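Here is what each chain is made of, one letter per residue.
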Amino acid sequence: MRNRLIARRAPHTAHAFGRGYSPTLHKGLYTRLAGSFLLIGACACPRRLTRGLADDPSAKMPTLQRNAMAGITPARTNRPAMAKRGVMEVSLIFPEGEVIRRYYKGLIYLAARTCYSEKTPQQIWSEFLADKTPPERVLKLIEHVIESGHHSTIEHISFTFAISGVSRALSHQLVRHRIGVAFDQQSQRYVKYKEPQYVVPPSIEANPDALREFERFRDVSEEIYHRFLAQGIPAEDARFVFPNAVTTNLIMTVNLRQLMHMAGLRLCTLAQWEIRQLFKLIRKELMAADPYFGRLLVPKCVPLGYCDEKRNEDEHCKIRPHKNSVFRVWELYKRGQLVERTAAETDGG
Ligand SMILES: Cc1cc2nc3c(=O)[nH]c(=O)nc-3n(C[C@H](O)[C@H](O)[C@H](O)COP(=O)(O)OP(=O)(O)OC[C@H]3O[C@@H](n4cnc5c(N)ncnc54)[C@H](O)[C@@H]3O)c2cc1C
């Protein structure tokens, strides 16, 4: 018989959820919390990571590779019809998808296997290169190390991304990440911009009055910038009149451990919209190179099994239940107040 856990309310907990308590609401809440409870055991197993998150079927290969094959240079892709609009572009520059698919799982396997084997790393690697290591064994060990938090093993693989057309507001957030990631960014000291580009936030774009103000301010600051340069003021000082909206370009090289950490924070629905967009594109690039690694880039709540964001206590984001809900169910479980419900009861609501 198909059973499901539900919560049984003890008399002394009648008003545990505040003055708005009603038995019907309470029952619904308990049922929902019981569902949350089942997620407590969720962990960072790669197979489980993307449950409920759709992969992009259109992504067949990294953008740069796709464009190169089509004879399109990056400068011509997606360029906006509207003047001065920066367009965010992300390309996985290195390594190529073929290298990732051929060697990257093997490298993680090598790192992990070296810990548990009497064999030398040279022997383990030779066996891998000679296809003597069954692929399912490789994947099983990788899943094991990721799931159990043995994450130094996934620091051995890195990815280099070219990022262009993002705002300085975004780059300031991005470069706050310190560990396992290297950045190089276009210099406003050395570059004298002839035609600066700008990112327009959707909320301003959607408001004609605000957009007019935005463009007026942009044009004034740009005019002053060019006047300063003409007066011999160095670019490093003239740039002080630029708004946060002005675009920048970066190269980012990051190991898998840190990329998963960064994606966990920045794919969260509470992250700022532009950096969230950036990580969606990073994920898309990685999906195109090797979906196995692309699928590891998910909001932090997915491997955790619950949301730990204070701003989501009302659970308006529904990717995972809030930890408060999970802990409430855990408390009920500890008090023996979760009971089995039969299939008939479950189907009956
Ligand atoms: C939604 C959101 C809102 C934010 N709002 C603000 C804000 O208002 N103001 C603001 O200043 N910043 C803000 N930040 C930036 C945030 O505080 C971090 O600086 C940024 O996300 C970098 O992440 P990290 O601390 O995990 O560092 P990373 O460099 O990515 O480090 C990775 C991990 O390594 C470990 N680590 C790194 N450095 C150290 C260290 N020195 N000591 C011990 N352990 C270390 C930590 O476990 C850390 O999580 C925000 C970030 C997000 C995602």
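Use the structure listed above.
Residues numbered from 1 in each chain as written. Predicted model: local features only at pLDDT ≥ 70, side-chain atom pairs only at ≥ 80, totals over all residues. Heavy atoms only, no water.

Here the focus is the state of the cysteines. Defined simply, a disulfide is a covalent bond joining two cysteines at their sulfur atoms. Using the criterion set out here, one finds zero disulfides in the structure. The thiol sulfur of Cys-307 is not disulfide-bonded, and the nearest other cysteine sulfur, from Cys-301, lies at 6.2 Å. (Disulfide = S-S within 2.5 Å.)

A word on the pattern of salt bridges. Within the structure shown, the criterion is met by 17 salt bridges. For Asp-290, the salt bridge is made with Lys-105, and the minimal N-O distance between the two is 2.8 Å. One end of the pair, Asp-290, is in the loop between helix H12 (273–289) and helix H13 (291–294); the other, Lys-105, is in helix H4 (residues 97–116), with 185 residues separating them in the sequence. Take Asp-290 and Lys-105: they sit in the same class, and that class is buried. Members of the salt-bridge network, linked through shared partners, are Lys-84, Arg-218, Asp-219 and Glu-222. (Salt bridge = Lys/Arg side-chain N within 4 Å of Asp/Glu carboxyl O. Helix = DSSP H or I, 4+ residues; strand = E, 2+ residues; numbered from the N terminus. Buried < 20%, exposed > 50% of the residue type's maximum accessible area, 1.4 Å probe, protein only.)

Assignment of secondary structure puts Thr-160 in strand E3 (residues 158–167). The contacts of Thr-160, once residues within four sequence positions are left out, are Ser-91, Leu-92, Ile-93, Phe-94, Ile-251, Met-252 and Thr-253. (Contact = heavy atoms within 4.5 Å.)

What follows covers the nonpolar core. Ranked by size, the top nonpolar core spans 44 residues in total, and within it Phe-159, Leu-278 and Phe-293 carry the most contacts. Once you skip the residues sitting within four places of it in the chain, Phe-159 turns out to touch Leu-92, Phe-94, Pro-95, Ile-100, Tyr-104, Met-252, Thr-253, Val-254, Leu-256, Leu-259, Leu-286 and Phe-293. Core analysis: the second largest hydrophobic core is formed by twelve residues, Phe-214, Ala-235, Ala-238 and Val-246 among them. (Core = buried A, V, L, I, M, F, W, Y, C linked by side-chain atoms within 4.5 Å.)

Next up on the list: the site of the ligand. Lining the immediate surroundings of the ligand are Arg-176, His-177, Arg-178, Ile-179, Gln-258, His-261, Leu-265 and Arg-266. In this structure, Arg-176 approaches the ligand through a side-chain N or O atom, which is 2.8 Å from an oxygen atom. In the complex, the protein chains occlude 46% of the 940 Å² of accessible area that the ligand would expose alone. Taken together, the residues of the shell around the ligand break down into two nonpolar, three polar and three charged. (Near = heavy atom within 4 Å. Polar contact = N/O pair within 3.5 Å; in protein donor to acceptor, adjacent residues only side chain to side chain. Areas by Shrake-Rupley, 256 points an atom, 1.4 Å probe, with all protein chains shown as cover. Nonpolar A, V, L, I, M, F, W, Y, C, P; charged D, E, K, R; others polar.)

Attention shifts here to the environment of Tyr-109. Inspection of the secondary structure assignment puts Tyr-109 in helix H4. Residue Tyr-109 is classed as buried on the basis of its relative accessible area, which comes to 4%. When neighbours within four sequence positions are excluded, Tyr-109 is seen to be in contact with Ile-124, Thr-133, Arg-137, Val-138, Leu-141 and Ile-142.

In this section: the packing of aromatic side chains. For the coordinates displayed, the defined rule picks out eleven aromatic pairs. On the basis of an interplanar angle of 40° and a centroid distance of 6.4 Å, the ring pair of Tyr-103 and Trp-125 is categorised as tilted. You can see Tyr-103 sitting in helix H4 and its partner Trp-125 sitting in helix H5 (residues 121–129), a full 22 residues away along the chain. Judged by its relative accessible area of 34%, Tyr-103 falls in the partly exposed class. Residue Trp-125 is classed as partly exposed on the basis of its relative accessible area, which comes to 22%. Among the aromatic residues, those joined into a ring-pair cluster are Tyr-104, Phe-159, Phe-161, Tyr-292 and Phe-293. (Phe/Tyr/Trp six-rings, centres within 6.5 Å; stacked < 30°, edge-to-face > 60°.)

For the rest of this paragraph, the subject is unusual backbone geometry. Cis geometry is found at the peptide bond from Phe-94 to Pro-95, where omega equals -5°. Take Pro-95: it is sitting in the loop between strand E2 (89–94) and H4. Positive phi, normally seen in glycine, also occurs at Asp-131, with a value near 60°. Judged by relative accessible area, Asp-131 falls into the exposed class, the value being 60%. Despite not being glycine, Glu-315 has its phi angle at roughly 55°, a positive value. Relative to the assigned elements, Glu-315 resides in the loop between helix H14 (301–304) and helix H15 (323–334).

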